[in-house]
Amino acid sequence: MSGIKFESYESESHILNPFKGFTEETHIVEVRKDPLLGDKSVYNPALKDKVKFFFAECDAGLIEKLVEDSAKTCIFCGDNLEKNTPQYPQSLVPEGRIRIGEAILFPNLFPVSKYHSVIALSKAHFLKLSEFSPEIIGNGLRAAQQFVNTVYVHDQEAAFVAVNANYLFPAGATLVHPHLQMLITPSAYSYHERLIQACFKYSQENGSEYYPDLIEQERAIGSRYISKTGGWHWMAAFSPMGINEIVAVHESDNDFGKLSNSDLIDLAYGISRVLTLYDRLGHLSFNYSILSAREPADGKGFRCILKMISRQNLYPNYRNDDYFLQKLLQTELIINLPEEIAMITRNYFKEGRNV
Ligand SMILES: [Zn+2]
């Protein structure tokens, strides 16, 4: 039986507003709890009109200059990649690097996990969000999966995969050139581990699996459910951990290494749809992570999951979109309600699909 509860509560805040002659103003703050982890996010409807205060428009001139300047020294552009990026030992990857279409996978020069790969996604040094095609993303995911399965053969301890994207400086990328970073670890990193442990606890307490229950309930409620692409269910997170968070959950598989080619294509298609949404909302910077657990993992009920968020826009002297609330209190601010984001994202999944 499903044990999922979508809990929220409201509190009132009173201030004397100087811009309204110090008359009393009441703010209603809604606090939402993530149904699996209990992590909180907060929503004040008054902030919705202040979205420009939080996210000014991208500065096209600044971006053009940034792209032009960074292209001159980019180690992922053209022949530079061959000369300046590391290779895996032949015993692991005979060619040293994995190439699929324009995607090229190679080791990170400064790994932060047992296996830490970088995947340059395109020949192009810069892509608008609407230019991240399903083919470009899909080839990157296929290169990632090929490496995961190579590592699986060599290393029985390699159990947890996180395929991650940082796009542009507000998202933490040090290079402009579109790329992914993949970590393969013997033990999952913090959030990934919390998800897996919470799924196991949920199964023990409820006698059913968390993600299948979540899919069923979100489909029944409907307001945050967006679309289905193959085995992937796309939803807006009830209590998001980032701005405009969209989640995709695979209905049956928990291991990225075992996903079928059509699973990867369906995932890439959905990512490209969400990036097009972010583009139309005026955003340019984003993060996403695809999390996986190899069998036999202790995470009964865990599924391969994608979490995707937009980040701060690029303009001079921009402020970071993480402040004490997110970094230290681990509480996210909701600017657009998940139910509203789901409503507009559905339109992007309805557009004609050619892949
Ligand atoms: Zn480049």
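Heads up: the structure comes first, above all this text.
Rules behind the numbers
- Residues numbered from 1 in each chain as written.
- Predicted model: local features only at pLDDT ≥ 70, side-chain atom pairs only at ≥ 80, totals over all residues.
- Heavy atoms only, no water.
- Pairing = 2+ DSSP bridges.
- Helix = DSSP H or I, 4+ residues; strand = E, 2+ residues; numbered from the N terminus.
- Axes fitted to C-alpha atoms, helices over the stretch in contact; angles between N-to-C directions.
- Contact = heavy atoms within 4.5 Å.
- Disulfide = S-S within 2.5 Å.
- Donors = N, O, S within 2.8 Å, 3.2 Å for Na, K, Ca; no water.
- Tetrahedral: all angles 85-135°; square planar, octahedral: opposite > 155°, others 65-115°.
- Buried < 20%, exposed > 50% of the residue type's maximum accessible area, 1.4 Å probe, protein only.
- Polar contact = N/O pair within 3.5 Å; in protein donor to acceptor, adjacent residues only side chain to side chain.

Engineer: Explain the sheet that holds strand β10 (residues 232–236) here, please?
Structural biologist: Each strand in a sheet pairs with another by means of backbone hydrogen bonds, the pair being arranged parallel or else antiparallel. Taken in spatial order, the ten strands make up an open sheet running β4-β5-β6-β8-β7-β12-β13-β11-β10-β9, and their pairing is antiparallel. Of all the strands in the sheet, just β4 (98–100) and β9 (225–229) have a single pairing partner and so form its edges. Neighbour-to-neighbour, the strand axes of this sheet turn through a mean angle of 15°, independent of strand direction. In the packing of helix α6 (residues 210–221) onto the sheet, the strands contacted are β9, β10, β11 (243–250) and β13 (305–310), and the crossing angle to β10 comes to about 60°.

Engineer: Looking at this structure, how should I read the sheet that holds strand β3 (residues 40–43)?
Structural biologist: Judged by pairing direction, the sheet is mixed, and its four strands sit side by side in the order β1-β2-β3-β14 without closing on themselves. Where the open sheet ends on each side, the last strands, each with one partner, are β1 (8–17) and β14 (332–334). Recorded for the sheet is a direction-independent mean angle of 30° between the axes of neighbouring strands. Pairing geometry for strand β2 (residues 23–33) and β3, over four bridges, is antiparallel. Each bridged residue has a counterpart across the sheet, and for V31 the counterpart in β3 is V42.

Engineer: How do you make sense of the state of the cysteines when you look at a structure like this?
Structural biologist: Here a disulfide denotes a covalent bond joining the sulfur atom of one cysteine to the sulfur atom of another. Counted by the stated rule, this structure contains zero disulfides. Free of any disulfide, C199 has its nearest neighbouring cysteine sulfur in C304, separated by 12 Å.

Engineer: I would appreciate a short explanation of the coordination of the zinc ion in the present structure.
Structural biologist: Ideal geometry at a metal gives 109.5 degrees between four tetrahedral donors and either 90 or 180 degrees between six octahedral ones. Taken together, the protein donors to the zinc ion comprise C74 (SG), C77 (SG), H125 (ND1) and H177 (ND1), at separations of 2.1 to 2.3 Å. For the zinc ion, the four donor atoms in the first shell make angles of 103 to 119° at the metal, so the coordination geometry reads as tetrahedral. Along the chain, the residues donating to the zinc ion fall in the pattern C-x2-C-x47-H-x51-H. In this pair, C74 is assigned in the loop between α2 (60–71) and α3 (80–84) and H125 in the loop between β6 (115–120) and α4 (134–154), connecting sequence segments 51 residues apart. Like H125, C74 is buried.

Engineer: Can you help me understand the side chain of N108 in this one?
Structural biologist: Relative to the assigned elements, N108 resides in the loop between β5 (103–107) and β6. In terms of polar contacts, N108 uses its side chain to reach the backbone amide nitrogen of F110, at 2.8 Å. What N108 contacts, discounting residues up to four positions off in sequence, is P86, H116, S117, V118 and Q181.

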